[in-house]
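# Examination of the molecular architecture
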Amino acid sequence: MRGARSPLRAANRRPQRLVRSPRSSLIGRSPPVASRRRPAAANGGRARGWRGGAGRRGRERRARHGGVPAAVRERVRAAGAMSPVWSLGAGLLLLLLWVRHRGLEAVLVHHRWVFVCLFLLPLSILFDVYYQLRAWAVWRLHSAPRQHAQRVRHIQAQVREWKNEGSKRYMCTGRPGWLTVSLRVGKYKKIHKNIMINLMDVLEVDTERQVVCVEPLVTMGQLTAHLNPMGWTIPVVPELDDLTVGGLIMGTGIESSSHIYGLFQHTCVAYELVLADGSLVRCSPTENSDLFYAVPWSCGTLGFLVAAEIQMIPAKKYVKIHYKPVRGLQKICEKFTEESKKKENSFVEGLLYSLEEAVIMTGVLTDEAEQSKINRIGNYYKPWFFKHVEKYLKADTTGVEYIPARHYYHRHTRSIFWELQDIIPFGNNPIFRYLFGWMVPPKISLLKLTQGEAIRKLYEQHHVVQDMLVPMKSLEKSIQTFHADLNVYPLWLCPFILPNNPGMVHPKGDETELYVDIGAYGEPKRKQFEARASMRQMEKFVRSVHGFQMLYADCYMTREEFWDMFDGSLYHKLREQMNCKDAFPEVYDKICKAARH
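Residue numbering note: each chain is counted from 1, following its sequence as written. Under the rules for a predicted model, residues below a pLDDT of 70 receive no local features and side-chain atom pairs below 80 are neither given nor counted, while totals for whole chains, interfaces and linings still include all residues. Side-chain measures here rest on the full set of heavy atoms in the structure, leaving out hydrogens and waters.

### A few points about the overall build of the protein chain
- Secondary structure elements are defined from DSSP: runs of H or I of at least 4 residues count as helices, runs of E of at least 2 residues count as strands, and each element is numbered from the N terminus. From N to C terminus, the protein chain includes 22 helices and 19 strands.
- Under the scheme applied here, a residue whose accessible area is under 20% of the maximum for its type counts as buried, over 50% as exposed, and between as partly exposed, the area being computed with a 1.4 Å probe on protein chains only. Within the protein chain, the fraction of its 597 residues that count as buried is 51%.
- Total accessible area on the protein chain stands at roughly 30100 Å², and carbon and sulfur atoms take up 54% of it. Throughout, the Shrake-Rupley method with a 1.4 Å probe supplies accessible areas, and for residues the shown protein chains are the sole cover considered.

Printed below as a string of structure tokens:
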């Protein structure tokens, strides 16, 4: 109800005049509209302050705001601006109350996705942005080679300082254990002399020699982002973005192109290392060749890697990929072996969804693509790759797609193969992908940093992350063993050629042999699974077929069993010659279960 008008306003008010529309008297037309003339100002000018202003501008304001006073409008606007803040605050309060009620440890163990989505995903984005901007700035300023020489001298100075102090402790890299992609953190870093190695840049791209020179902490995501726009790539691009060159050399790396090029180490042409006496040494197949072949799989126990030269090959725009569902274990092994032997296949990969069901994928690099069949699988809103592949199995149909090359190289990154489904169960839901998929995946390093003792024990006893490298001729028997001892699916199948080079890993005979990596990642479904007993049984089988266990994973072997699996003759010879025994621990003492937590 409108209040009484003031006497002054009533006195100045002119009589109303009713203005009718010419059609207002017709049935169903608009009712009469009354208009008031504005009062004249006392000084003969325009009157102000009457219902939002005068004249045409006043009428426009009244039309826009419906006669609502400005002060009221401001309060409404302020309340609207604060509503997201209030909602966020209320949500956080409810979350804190819920965490307090359930207990922090229970939430982190049974509802880890809450912590991951609210904290680790945003932090992972910040990490990525920082490192991408840093890499771009360093390359644009061409400062990497100059800084590299300076940083290498700093590493040499640290080693000499350790020597002058009496060489009382072993040395190791000072990089925190939680920053590595391995799921375990090394205990040895707490008691060894930490040598700080801050080497994470691309140093040179030599298109004439077709070689890229990089520092050891350069990641696969960083390297492909750098090379692909220049029309180059490396022959073997191991899956996950955060895998580093140093980790792939000192440990190992593999990809679906390895049936042609071998393991990651086989695509490297030279290394530079700082040795136990502080000297800088270059090694290649023709220069210090023993050291060159002994470095891979040595886990930094022969010296500190400071640079590596890697082969490059011309890049193409797409990978034309064929999906073929196969049923029956024998047929799966036969088909996979057949495709792995074909050199015309640029890529070969298999996903085993059960003991009797798999999808075999083959791919070729190409610059041409059918537009209707292009699948940019790396886009954040796309289904996780292993789920996308499973559709062909469920539909029992073959298929052909063209995937952009860099999307293919990192196709398993967003879902960390299929590990992310155990952390964020609804992560592949279309709603989650469209709203939050751009933040996925969380950094493995942050997942390690924030996992408490309860989660660590839970993963150790009820979770498996293992890669076993076995001869292709033992594939069927190996899959049956994995099924009996673990019963984890999907299983990743990746073929690779293993040349008869010196070093810790080579075929049993004198000739190059075709091997396959069987990757098991997830929760074992085997009844009465016991981690130590089951893995020791698995390791025994792998040794019996002359296979190898990747060293990033939990190793339960004894020292004798370890050196029965790996050839330590050249490794031990060089450790003796280069006085490494007092400088670095033996590789077994860095990777065995007792050395990690």
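Anyway, onward from the coordinates.
### Concerning the environment of Phe119
- Along the polypeptide, Phe119 turns up in helix H5 (residues 112–141).
- According to the relative accessible area criterion, Phe119 is partly exposed, its value standing at 44%.
- Residues Phe119 and Pro442, spaced 323 residues apart in sequence, show a C-alpha to C-alpha distance of 9.5 Å.

### Quick notes on the nonpolar core
- With 149 residues, the main nonpolar core has Val212, Leu223, Tyr271, Leu291, Phe562 and Phe566 as its most contacted residues.
- In terms of residue count, the dominant contributor to this core is strand S17 (residues 491–498) (7 residues).
- To qualify as a nonpolar core, a set must consist of buried Ala, Val, Leu, Ile, Met, Phe, Trp, Tyr and Cys residues joined through side-chain atoms within 4.5 Å. If you look at the next biggest cluster of nonpolar residues, it comprises 5 residues, including Val138, Ala144, Leu203 and Cys213.

### Quick look at the packing of aromatic side chains
- Whether two aromatic rings pair depends on their centres lying within 6.5 Å, for rings of Phe, Tyr and Trp, where Trp uses its six-membered ring; planes under 30 degrees apart make the pair stacked, over 60 edge-to-face, and the rest tilted. Evaluation of the coordinates by the stated rule reveals 28 aromatic pairs.
- Taking the centre distance of 4.7 Å and the plane angle of 55° together, the rings of Phe347 and Tyr408 count as tilted. With Phe347 in strand S13 (residues 347–354) and Tyr408 in helix H13 (residues 405–409), the pair connects residues that are 61 residues apart, well separated along the chain.
- The exposure class of Phe347 is buried, given its relative accessible area of 3%.
- We classify Tyr408 as buried; its relative accessible area is 2%.
- Ring centres of Phe562 and Trp563 lie 5.0 Å apart, and the angle between their planes is 85°; on these two criteria the pair is classed as edge-to-face. Assigned by exposure class, Phe562 and Trp563 land together as buried.
- An aromatic cluster of at least three residues, connected via ring pairs, comprises Trp297, Phe496, Tyr515, Phe548, Phe562, Trp563, Phe566, Tyr571 and Tyr588.

### Structural notes on the side chain of Gln156
- The residue Gln156 is located in helix H6 (residues 144–164) in this model.
- Should any heavy atoms of two residues lie within 4.5 Å, those residues are considered in contact. With residues up to four places along the chain from it excluded, the contact list for Gln156 reads Val274, Gly278, Ser279 and Leu280.

### A few points about H5
- What a helix should span is 1.5 Å times the count of its residues minus one. Given a rise of 1.5 Å per residue, 30 residues ought to cover 44 Å, and the 41 Å separating the end C-alpha atoms of H5 matches this to within 8%.
- Listed in full, the buried residues belonging to H5 are Arg112, Val114, Val116, Cys117, Leu120, Leu121, Ser124, Arg134 and Val138.
- Positioned one or two residues after H5, His142 has a phi angle of 55°, which is positive.

### Concerning the sheet that holds strand S15 (residues 399–404)
- Each pair of strands is called paired provided DSSP finds at least two bridges between the two strands. Strand order in the open sheet formed by 8 strands is S15-S12-S14-S13-S17-S18-S16-S19, with antiparallel pairing between adjacent strands. Each edge of the open sheet carries a strand with a single partner, namely S15 and strand S19 (548–549).
- Two elements, S13 and S17, share 3 bridges in a ladder whose sense is antiparallel. The residue of S17 that forms the bridge with Leu351 is Trp492.
- Simply put, an axis is a line fit to the C-alpha atoms, just over the touching stretch for a helix, and the angle between two N-to-C directions goes from 0 to 180 degrees. Running at roughly 50° to strand S12 (residues 318–327), helix H12 (residues 385–395) makes contact with S12, S13, strand S14 (357–366) and S15 of the sheet.

### Quick word on unusual backbone geometry
- In this chain, Val440 is followed by Pro441 through a cis amide linkage whose omega measures 5°.
- Tracing the backbone shows Pro441 in the loop between helix H15 (430–436) and helix H16 (444–449).
- In this chain, Tyr489 is followed by Pro490 through a cis amide linkage whose omega measures 0°.
- Mapped onto the elements, Pro490 comes out in the loop between helix H18 (475–485) and S17.
- The phi angle at Gln210 is positive, at roughly 55°, despite the residue not being glycine.
- By the element assignment, Gln210 lies in the loop between strand S5 (202–206) and strand S6 (211–214).
- With a phi angle near 60°, His546 is a residue other than glycine that sits in the positive phi range.

### Details of the pairing of strand S8 (residues 268–274)
- Of all 7 residues in S8, 5 are buried, a share of seventy percent or more.
- When S8 meets strand S10 (residues 304–311), the two strands line up antiparallel, connected through 6 bridges. Following the sheet pairing, Tyr271 is matched in S10 by Ala308.
- Alignment of S8 against strand S9 (residues 280–283), held across 4 bridges, turns out to be antiparallel. Paired with Tyr271 across the strands is Cys283, a residue of S9.
- Linkage of S8 to S9, two consecutive antiparallel strands, is achieved through a turn of 5 residues, within which Gly278 is found at a positive phi near 90°.

### Focus: a nonpolar patch on the surface
- On the surface, a nonpolar cluster with roughly 320 Å² of combined accessible area is contributed by Leu93, Leu94 and Leu97.
- Within the secondary structure layout, Leu97 lies in helix H3 (residues 70–102). The patches reported here contain residues having more than 30% relative accessible area and no salt bridge. Joining distances are 9 Å for like charges and 5 Å for nonpolar side chains (Val, Leu, Ile, Met, Phe, Trp, Tyr). Any Lys or Arg side-chain nitrogen located within 4 Å of an Asp or Glu carboxyl oxygen qualifies as a salt bridge.

### A few points about the sheet that holds S10
- In space, the 5 strands of this open sheet follow the order S5-S6-S10-S8-S9, with antiparallel pairing throughout. The open sheet has two edge strands with one neighbour each: S5 and S9. Averaged over all adjacent pairs, the angle separating strand axes in this sheet is 15°, with direction ignored.
- Sheet strands in contact with helix H7 (residues 220–227) are S5, S6 and S10, and its direction is about 40° off that of S5.

### Notes on the packing of H18 against helix H19 (residues 531–544)
- Where H18 meets H19, the closest approach of the two axes is 10 Å, and the angle between their N-to-C directions is 170°. One way to sum up the angle between H18 and H19 is to call them roughly antiparallel. On H19, the residues touching Lys477, Ser478, Thr481, Phe482 and Asp485 of H18 are Ser534, Gln537, Met538 and Phe541.
- Under the convention adopted here, Pro, Cys and the residues Ala, Val, Leu, Ile, Met, Phe, Trp and Tyr are nonpolar, Asp, Glu, Lys and Arg are charged, and Gly plus all remaining residues are polar. The class makeup of the residues in the contact of H18 with H19 is 3 nonpolar, 4 polar and 2 charged. Note that the term roughly parallel is reserved for angles under 35 degrees, roughly antiparallel for angles over 145, roughly perpendicular for angles of 65 to 115, and oblique for everything else.

### What to know about the confidence of the model for the protein chain
- Per-residue confidence from the prediction method is given by pLDDT, with values spanning 0 to 100. Residues with a pLDDT of 70 or more make up 81% of the protein chain, whose mean pLDDT is 85.
- Of the regions scoring below 50 in pLDDT, residues 1–54 engages in 43 contacts with residues more than four places distant in sequence or in other chains.

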